[in-house]
Structures are given as structure tokens and as C-alpha cells.
Amino acid sequence: MLPYLGKAMTNLFRKPSTEKFPVGDAPQAAERYRGRISYNPDVCVNCGMCMRVCAPQCMHRDIETLENGDQKITFTFDLTSCTFCGMCADFCSRHSITLTDDYMMVGTQPEDFIVTGSFIKKAPPPKPKLTPEQIAEMKAKAEAAKAAKAAAKAEEPKADA
Ligand code: SF4
Ligand code: SF4
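Model, not experiment: these values are computed from the prediction.

Peer 1: Just checking my understanding: could you explain the overall build of the chain for this structure?
Peer 2: Summing up its helical and strand segments, the chain has four helices and five strands in all. Helices (α) and strands (β) of the chain occur, in sequence order from the N terminus, as α-β-α-β-β-α-β-β-α. Its C-alpha atoms give the chain a radius of gyration of 32 Å, more than 25% over the compact-globule value 15 Å for 161 residues. With the C-alpha coordinates aligned to their principal axes, the bounding extent of the chain is approximately 110 × 55 × 25 Å. Across the 161 residues that make up the chain, the buried fraction comes to 22%. Side-chain charges in the chain split into 21 positive and 20 negative, and the spacing between the mean points of these groups amounts to 4 Å.

If you want it as C-alpha cells, here you go:
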């Protein structure tokens, strides 16, 4: 009984071991903590690697073709399925995804658990239209090259049998 009394008395004068949260400043997350995902669409190249390595498949990609031929590409992360494994960030060669130290993922709406971002992928420039003269010139050049190759081959010394 006495040892317990001693411990109780000591604890009466010790600082609490717990954080006074949510009173005061939020405590800092531990180093390399993997919290809320951050996605930077400005550096994303739409390679899709992050989607391939995400085991719970909590990423979604929308591709919308615009009137001018450009594509609007939107990546969406559903944090309710995310396991915060960090694989998407590890495999993103562009460092477009990072796992932040934000651990306060509380919310009342589904949107509170969605991270999304979009970027525009420009349509390739239209191929230049060749005139009939240019096509004829190209054909003539190809024929000449073919003839020159055949002539060179004919002049090659035949190997002794
Ligand atoms: S976020 Fe990274 S891995 Fe995912 S598509 Fe963009 S560049 Fe590729
Ligand atoms: S952290 Fe893991 S589970 Fe979450 S989106 Fe990235 S790969 Fe998927």
C-alpha cells in the first residue's frame, strides 16, 4: 500500500504526461509523419504511376476533352480509403504528391476528406498539310534514294563461294 501512496503523492506534483489538446496550440506531428495528402497538379505529368501503386485504389482520374482539343485532367484522392502508406508519393518521379504532417482530419462532409487538383494538357499541334507538289517531291526523293541503294548493292563485290 505504501509504495502506491508514495507514487500517488509524487504524481500529484508532476506535470501531466498528456497534451492539453485541443486547448492551446496543436502539438507538432512526429518527424516523417504521414498525414493528409497534398497534390500539386502543376508538376504532374499524368503518368498514372501513383494510381498503379495505390493498393486501396483510392485515387480517381477524370479526363475531360475541351472544345479546343485540350484535356482537363483531374486527380482526386479519397482520404476515407487512404491508408497513408505513402507509396504514391514514393513512386511519383515529379514529387507531385506529398504526405503532410496534418493529422487533424476531422470533418462532417464527404468533401472534407477529398483532395483534388486539375491541370490542362495541351492538344498536340495539328500536322501541317502537304501540297501535291510537296508530296510529289517527297516521293521522288524516296525513289531516288531507293535506286541509289540498289545501285550500290549491285556494285558490291560478290563474296567468293
Ligand atoms: S501525381 Fe505523380 S505519379 Fe501520379 S500521375 Fe502525376 S506525375 Fe504521375
Ligand atoms: S498514401 Fe497509399 S493508400 Fe493513400 S493514396 Fe497514396 S498509395 Fe493510396
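Peer 1: Would you take a moment to explain the sheet that holds strand 2 (residues 59-65) for this structure?
Peer 2: In a beta sheet, neighbouring strands are held together by backbone hydrogen bonds and run either parallel or antiparallel to one another. The three strands lie next to each other as 2-3-5, forming an open sheet whose pairing is antiparallel. Every other strand in the sheet has two partners, leaving strand 2 and strand 5 (114-121) as the edge strands with one partner each. Averaged over all pairs of adjacent strands, the angle between strand axes in this sheet comes to 15 degrees, irrespective of strand direction.

Peer 1: Please clarify how the packing of aromatic side chains should be interpreted in this entry.
Peer 2: The geometry of an aromatic ring pair is captured by two quantities: the separation of the ring centres and the angle between the planes. The tally for this structure, following the rule as stated, stands at three aromatic pairs. With 6.1 Å between their ring centres and 80 degrees between their planes, Y33 and Y103 make a pair best called edge-to-face. Taken together, the positions of Y33 in the loop between helix 1 (2-12) and strand 1 (37-39) and Y103 in the loop between strand 4 (97-99) and strand 5 put the pair 70 residues apart, joining distant regions of the chain. Aromatic pair Y39 and F77: ring centres 5.5 Å apart, planes at 50 degrees, arrangement tilted. Of the two residues, Y39 is situated in strand 1 and F77 in strand 3 (residues 71-78); the sequence distance between them amounts to 38 residues.

Peer 1: Could you clarify how one ought to interpret the site of ligand 1 in this entry?
Peer 2: Among the 13 residues in the neighbourhood of ligand 1, the closest are listed as C44, C47, G48, C50 and C92. For the shell around ligand 1, a count of residues per class yields nine nonpolar, three polar and one charged.

Peer 1: Sorry, what's going on with the site of ligand 2 here?
Peer 2: Surveying the vicinity of ligand 2 reveals the residues I37, C54, P56, C58, M59, C82, T83, F84, C85, G86, M87 and C88. Along the lines of polarity and charge, the residues of the shell around ligand 2 split into ten nonpolar, two polar and no charged.

Peer 1: Explanation requested: the environment of C88 in the structure shown.
Peer 2: Residue placement: C88 occurs in helix 3 (residues 87-91). The class for C88 is buried, based on a relative accessible area of 7%. Among residues more than four places away in sequence, those in contact with C88 are I37, C50, V53, M59 and I97.

Peer 1: I would appreciate a short explanation of unusual backbone geometry in the present structure.
Peer 2: Most peptide bonds adopt trans geometry, and most residues besides glycine take a negative phi value. You will see that N46, though not glycine, has its phi angle at about 60 degrees, which is positive. For N46, the position within the fold is in the loop between strand 1 and helix 2 (49-53). According to the relative accessible area criterion, N46 is buried, its value standing at 16%. Here Q57, not a glycine, exhibits a phi torsion of approximately 55 degrees, which is positive. Along the chain, Q57 turns up in the loop between helix 2 and strand 2.

Rules used throughout
- The residue count restarts for each chain, going from 1 along the sequence in the order it is written.
- The order in which chains are written sets their letters, starting at A; the order in which ligands are written sets their numbers, starting at 1.
- The predicted origin of the model limits local features to residues at a pLDDT of at least 70 and limits the giving and counting of side-chain atom pairs to 80 or more, whereas totals for whole chains, interfaces and linings rest on all residues.
- To get the side-chain values, all heavy atoms of the structure are used, and hydrogens and water are removed first.
- The helix and strand labels rest on DSSP assignments: H or I over at least four residues marks a helix, E over at least two residues marks a strand, and numbering proceeds from the N terminus.
- Values of the radius of gyration come from C-alpha atoms, whereas the globule rule sets the reference at 2.2 Å times the count of residues to the power 0.38.
- Only protein chains enter the calculation, and the probe is 1.4 Å; a residue is then buried if its accessible area is under 20% of its type maximum, exposed if over 50%, and partly exposed in between.
- Just so you know, the count uses Lys and Arg for positive and Asp and Glu for negative, and it drops His and the chain ends.
- Note on charges: their place is set at NZ of Lys, CZ of Arg, CG of Asp or CD of Glu.
- Strands are labelled as partners when DSSP assigns at least two bridges between them.
- For helices, the fitted axis covers only the stretch in contact; all axes are lines through C-alpha atoms, and the angles between them, taken along N-to-C directions, range from 0 to 180 degrees.
- Working definition: a ring pair exists when centres of Phe, Tyr or Trp rings (six-membered ring for Trp) sit within 6.5 Å. Plane angles under 30 degrees give stacked, over 60 give edge-to-face, the rest tilted.
- In these notes, residues near a molecule or strand are those with any non-hydrogen atom within 4 Å of it.
- In the scheme used here, Gly and all other residues not listed as nonpolar or charged are polar, with Ala, Val, Leu, Ile, Met, Phe, Trp, Tyr, Cys and Pro taken as nonpolar and Asp, Glu, Lys and Arg as charged.
- Contact definition: two residues touch when any of their heavy atoms are within 4.5 Å.

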